[in-house]
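Single-letter residue listing:
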Amino acid sequence: MRTFRLQLFAEERTEPATPRKRQKTREEGQVARSQDLGAAVVILVGLLAVFAFSLWWVTSLKGFFVETWRFMSGEQIGREGWVQALARDFLKVFLLTWLPFGLLCGLAGAATAIYQVGLFLFVKPLIPKLSRLNPISGLKKIVSLRSLVELAKGILKALLLGLVLYLALRKELESIALAMKFPYLQGLNVVTEKIWWLALRMALLLFVIAAFDYAYQKWDFEKSIRMSKKEIKDEYKQMEGDPKVKQRIRQRQRELARRRMMAQVPKADVVITNPTTLAVAIQYERQVMDAPCVVAKGKGVLARRIREIAQEHSIPIVENRVLARALFEATDVGEIIPETLYKGVAEVLAFVYKLKAKKERNL
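Note that the structure is a prediction, hence the values are computed from the model and not measured. (Residues numbered from 1 in each chain as written. Predicted model: local features only at pLDDT ≥ 70, side-chain atom pairs only at ≥ 80, totals over all residues. Heavy atoms only, no water.)

Colleague: Help me understand the overall build of the protein chain in this model?
Modeller: Regarding its fold elements, the protein chain presents 12 helices and four strands. Considering only intrachain contacts with a sequence separation of at least 6, the fraction spanning at least 24 residues in the protein chain is 75%. With an accessible surface of roughly 26,200 Å², the protein chain has 63% of that area assigned to carbon and sulfur atoms. (Helix = DSSP H or I, 4+ residues; strand = E, 2+ residues; numbered from the N terminus. Contact = heavy atoms within 4.5 Å. Areas by Shrake-Rupley, 256 points an atom, 1.4 Å probe, with all protein chains shown as cover.)

Right under this line is the structure:
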């Protein structure tokens, strides 16, 4: 007869990661991200920025070179500080033309990183660990399945980009060769336009590949942080405590509360019963309390114990089924009785006080 170890199935990681596991994994720097996506977005935004700013760049640089040539051929060339003035003008033109381009590319890269991992500072990965210097563990990472997948992705990406580049160049090669016969500026404009459109196609293709890579990284990350049912139970125990321990704690708390309640029974003025199932102990001190207070109540075995303590301390026990039920349901231990029960309790207390007074006269 073949036997199966069901424990093996219980250890399979088939459950999605809990929020606590995700947070802990995130603090360790393990998130779903694609390095290719950030590079593709920066390249694509950079090309679009080149298209948007190209006319402005040409105009600004042309004006700068004209002014520089005029400056160099004038009388200012021999005066003091002419080198600083020329360097200052060059720096001004450089910042005005390339600073917006750099800011756009930087913002694109930052936005892509925030989109992938959010606004979070990873501290643990920056802490040095001696285990990272272990050559054996490093070798395992090199020959791991993940590294082989990354290598296959890199080769596939290079082949795909090379194929697209080859097809585009073969299609545009004739028009580029024809542009060589045009006047210099016209031919340069045609070649530049062809190169720009080719670069834009490559950037779009790289972005599509990076988007698929990000989807794969996200799927692989979700798969890597899956948890088994046992791990989820263990985590719940760590967060909420062992259910058996919590049950024992609650049981111990109930026992302590019951003991404190029983210690108040000897202070009661009367115990109202129904007569066997319920018991409610009432205390009333006119100088301290605004209304009578329930100091103890119980049902079944607890009610019997309240009656026993009342008998041991000579506390009157009054049978009133309706009033006992109403007090038991409407009032908790330590609370004053509701106004609707004032009359019934007052009658019981008046009866008890008469009994006490009669006993004192007989004594």
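Colleague: What exactly am I supposed to notice about the pairing of strand β2 (residues 278–283) here?
Modeller: Side-chain positions along a regular strand alternate between the two faces of the sheet. Within β2, six of the six residues are buried, which leaves it mostly tucked inside the rest of the structure. In β2, alternate side chains face the same way, and those of Leu-278, Val-280 and Ile-282 on one face and Ala-279, Ala-281 and Gln-283 on the other are all buried. Taken together, the four bridges between strand β1 (residues 270–273) and β2 define a ladder with antiparallel strand orientation. In the strand pairing of β2, Val-271 is matched with Ala-281. Hairpin connection of β1 to β2: four residues between the antiparallel strands. Where β2 meets strand β3 (residues 293–299), six bridges bridge the pair, whose relative direction is antiparallel. Among the inter-strand pairings, Ile-282 is bridged to a residue of β3, identified as Val-294. (Buried < 20%, exposed > 50% of the residue type's maximum accessible area, 1.4 Å probe, protein only. Pairing = 2+ DSSP bridges.)

Colleague: Where do I start with unusual backbone geometry in this structure?
Modeller: Both trends apply: most residues other than glycine have a negative phi, and most peptide bonds are in trans. For the bond from Asn-274 to Pro-275, the omega torsion is 5°, close enough to zero to count as cis. Examined against the element boundaries, Pro-275 turns out to sit in the loop between β1 and β2. Its identity is not glycine, yet Ser-314 carries a phi of approximately 60°, on the positive side. With respect to the secondary-structure elements, Ser-314 resides in the loop between α10 (301–312) and β4 (317–319). Relative accessible area serves as the criterion here: at 62%, Ser-314 is assigned to the exposed category.

Colleague: Explain the sheet that holds β4 to me, please; I cannot follow it from the model alone.
Modeller: Sheets are built from strands paired through backbone hydrogen bonds, the pairs being either parallel or antiparallel. With respect to topology, four strands assemble into an open sheet ordered β3-β2-β1-β4, the strand pairing being mixed. The open sheet has two edge strands with one neighbour each: β3 and β4. Along the sheet, successive strands turn relative to each other by an average axial angle of 25°, direction set aside. In the packing of α10 onto the sheet, contacts are made with β1, β2, β3 and β4, and the angle to β3 comes to roughly 125°. (Axes fitted to C-alpha atoms, helices over the stretch in contact; angles between N-to-C directions.)

Colleague: It is not clear to me how the packing of aromatic side chains should be interpreted in this structure. Could you clarify?
Modeller: When we look at a pair of aromatic rings, we describe it by the centre distance and by the angle of the planes. By the definition in use, this model includes two aromatic pairs. Seen from their ring centres, Tyr-115 and Tyr-214 are 6.0 Å apart, and the 45° between their planes marks the pair as tilted. With a gap of 99 residues between them, Tyr-115 in helix α4 (residues 82–117) and Tyr-214 in helix α7 (residues 184–224) connect regions that are remote in the sequence. Centroid distance Tyr-216 to Trp-219: 6.1 Å. Interplanar angle 35°. Geometry classified as tilted. Of the two residues, Tyr-216 and Trp-219 both sit in helix α7, three residues apart, roughly one turn of that helix. Directly above the ring of Phe-328 sits Lys-297, whose terminal nitrogen or CZ lies 4.8 Å from the centroid. (Phe/Tyr/Trp six-rings, centres within 6.5 Å; stacked < 30°, edge-to-face > 60°. Lys NZ or Arg CZ within 6 Å of the ring centre and 35° of its normal.)

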